Protein chains: 2
Amino acid sequence: MKEGKGRARLTRRTLLDELTAGLVALIEEGGYQIGDRLPSMSALAAHFGVATPTLREAARRLEAAGTITFRHGSGIFVTGDSRRLVIANPARTELGDQTTLDVLDTRLLIEPELARRAAERATHEQLAAIGGLLDEARQAIEAADEQSLTPLNMRFHVAIARAAGNQVLTEALQSVVELYEPQQSVIGQIYADPWRDHNEHRDIYDALVRKDATAAHDLMRRHLEGVLAVVSATLRREKERD
Amino acid sequence: MKEGKGRARLTRRTLLDELTAGLVALIEEGGYQIGDRLPSMSALAAHFGVATPTLREAARRLEAAGTITFRHGSGIFVTGDSRRLVIANPARTELGDQTTLDVLDTRLLIEPELARRAAERATHEQLAAIGGLLDEARQAIEAADEQSLTPLNMRFHVAIARAAGNQVLTEALQSVVELYEPQQSVIGQIYADPWRDHNEHRDIYDALVRKDATAAHDLMRRHLEGVLAVVSATLRREKERD
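Residues numbered from 1 in each chain as written. Chains lettered and ligands numbered in written order. Predicted model: local features only at pLDDT ≥ 70, side-chain atom pairs only at ≥ 80, totals over all residues. Heavy atoms only, no water.

Chain A is annotated in an unreviewed UniProt entry as GntR family transcriptional repressor for pyruvate dehydrogenase complex from Thermasporomyces composti.

1. Concerning the overall build of chain A
If you tally the helices and strands in chain A, you get 10 helices and 3 strands. For chain A, the residues scored as buried account for 49% of the 242 residues in total. Summarising the internal contacts of chain A: among those between residues at least 6 apart in sequence, 72% fall at separations of at least 24. In the structure as shown, chain A presents an accessible area of about 11300 Å², 50% of it carried by carbon and sulfur atoms. (Helix = DSSP H or I, 4+ residues; strand = E, 2+ residues; numbered from the N terminus. Buried < 20%, exposed > 50% of the residue type's maximum accessible area, 1.4 Å probe, protein only. Contact = heavy atoms within 4.5 Å. Areas by Shrake-Rupley, 256 points an atom, 1.4 Å probe, with all protein chains shown as cover.)

2. With respect to the packing of aromatic side chains
One pass over the structure, following the stated rule, counts 0 aromatic pairs over all chains. The positively charged end of R71 of chain A is found above the aromatic ring belonging to F77 of chain A, 4.6 Å away from the centroid. (Phe/Tyr/Trp six-rings, centres within 6.5 Å; stacked < 30°, edge-to-face > 60°. Lys NZ or Arg CZ within 6 Å of the ring centre and 35° of its normal.)

3. A look at the packing of helix α2 (residues 15-29) of chain B against helix α3 (residues 41-48) of chain B
All names here are of chain B. Their axes nearest at 12 Å, the elements α2 and α3 cross at an angle of 110 degrees. When the axes of α2 and α3 are compared, the pair comes out roughly perpendicular. On α3, the residues that touch L19, G22, L23 and L26 of α2 are L44, H47 and F48. In the contact of α2 with α3, the residues fall into 5 nonpolar, 2 polar and no charged. (Axes fitted to C-alpha atoms, helices over the stretch in contact; angles between N-to-C directions. Parallel < 35°, antiparallel > 145°, perpendicular 65-115°, else oblique. Nonpolar A, V, L, I, M, F, W, Y, C, P; charged D, E, K, R; others polar.)

4. Overview of the nonpolar core
Counting residues in each nonpolar core, the largest one holds 44 residues, and the members touching the most others are L179 of chain A together with L179 of chain B. Other than its neighbours up to four places away in sequence, L179 of chain A contacts A88, R92, L95 and V103 of chain A together with L85, V86 and V168 of chain B. (Core = buried A, V, L, I, M, F, W, Y, C linked by side-chain atoms within 4.5 Å.)

5. A word on the pairing of strand β1 (residues 68-71) of chain A
The side chains of a regular strand alternate, first on one face of the sheet and then on the other. Residue and element names in this part refer to chain A. As paired strands, β1 and strand β2 (residues 75-78) are joined by 4 bridges and run antiparallel to one another. What sits directly across from F70, in β2, is I76. Connecting β1 to the antiparallel partner β2 that follows it, the hairpin turn spans 3 residues, and G73 within it adopts a positive phi of roughly 80 degrees. (Pairing = 2+ DSSP bridges.)

6. Describing helix α6 (residues 124-142) of chain A
Residue and element names in this part refer to chain A. Here α6 spans 27 Å end to end across 19 residues, near enough to the 27 Å set by a 1.5 Å rise per residue. Taken residue by residue, α6 has L127, I130, G131, L133, L134, A137, A140 and I141 as its buried positions. Check the buried side of α6 and you find it contacts α7 (146-163) and α9 (194-209). With its phi angle positive at about 50 degrees, A144 sits one or two positions after the end of α6. (Expected span 1.5 Å × (residues − 1).)

7. Some remarks on the pattern of salt bridges
Taken as a whole and judged by the stated rule, the model has 21 salt bridges over all chains. With its nearest N and O atoms 3.4 Å apart, the salt bridge here joins D135 of chain A to R202 of chain A. Here D135 of chain A, found in helix α6, pairs with R202 of chain A, found in helix α9; they are 67 residues apart in sequence, far enough to count as distant. Given the relative accessible area of 32%, D135 of chain A is considered partly exposed. For E142 of chain A, the salt bridge is made with R138 of chain A, and the minimal N-O distance between the two is 3.7 Å. In this pair, E142 of chain A and R138 of chain A both sit in helix α6, 4 residues apart, roughly one turn of the helix. Three or more residues are tied together by salt bridges with common partners; here these are D105 of chain A together with E113, R116 and R117 of chain B. (Salt bridge = Lys/Arg side-chain N within 4 Å of Asp/Glu carboxyl O.)

Structure representation (structure tokens):
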């Protein structure tokens, strides 16, 4: 009896919840990939048997979560992973200096352990994907393509998190990294040495490949401590100049 | 020159970004608290000098982030912290068993360190707030008020995170705890011993008060390992019964 009540509470959902889940299922089962256009709002409303404004409400939640984007005059496009549990607040405002340091402190707490686990568990496919990101990053450095480099470096860190095998932890880290990406891009362009960064990433990757969990952990820690040192010095210098 | 370019990119924002930030500022500077009603959409649109549908777009982002809620016929209410950086996806679907275990694994990685830092840094006010949550939780147990108990226990964990002084880490943990709350409520009601939980919380609090960082760390770790054991056993039992 008591258990029945609990279960009922767990699964109680509103029409809007049902519609949101329905849209997510449609994106996945329909095989829609990031970049694909979805059917029109009115076609989707007819599909789910609801009024268009009601469907639009559900779609707005997915929009705010970054899963879909409305493009004026051209339709609704898939722009993010529909199964994300933890996300960066799409309505967030800019980060202050302390928040930038908090982001790096958070990464220092989480990522060395993720690197350790990735060394123990990464599949051949996951290692190949991580190695592929490194190759792309090297090409971006050689082409002085700074705009591509930062996202590739961020994806390197998220790919290691994913290989550690905990979806929630991966998404928590991914959200934190997403917060930090605009800052990272600016700091990277002004102060960091892209080859040093790249070589440290390469060392971490090599530790993953030889399944050396301790080295992967320690190299990730030292890498992030180095990033934190550069960022702290940058923020101090900017403050002194103001 | 290069720095100027980077800075420009960092601060480039769309009208929608400006409006979203404007609404957040209005909520904060207007002193609106959670539960308060905001001015109407048309009054806000006039205030910002934009068309109502444009303002509505910005408001939808805040709605999806949980900051405000549209209540049919009665207006728009403040329902969450407008400054959150990391949030649980408001469009998320239900958690599977593996995700529930991933949540606890994530908490085990983060929370012992947060408890250690809270023991070192918590202010008198923060300790008083944490103690107040424990008192409320005791009253809820004595009144067999299960519906109040779970949120109070979750707030206890988030309050310790906050006392550790890293906003990003606090919000990452808060998002993870929010994901887990429906499950926690059901599992707590069926299987857990509320007094055991409460006494473990009390022990952690005592360690914070006497600024014993190592004890706070270790007690938090043991507490979460105990929760993980109960949850794992519950999920195993349910699977066997299916």
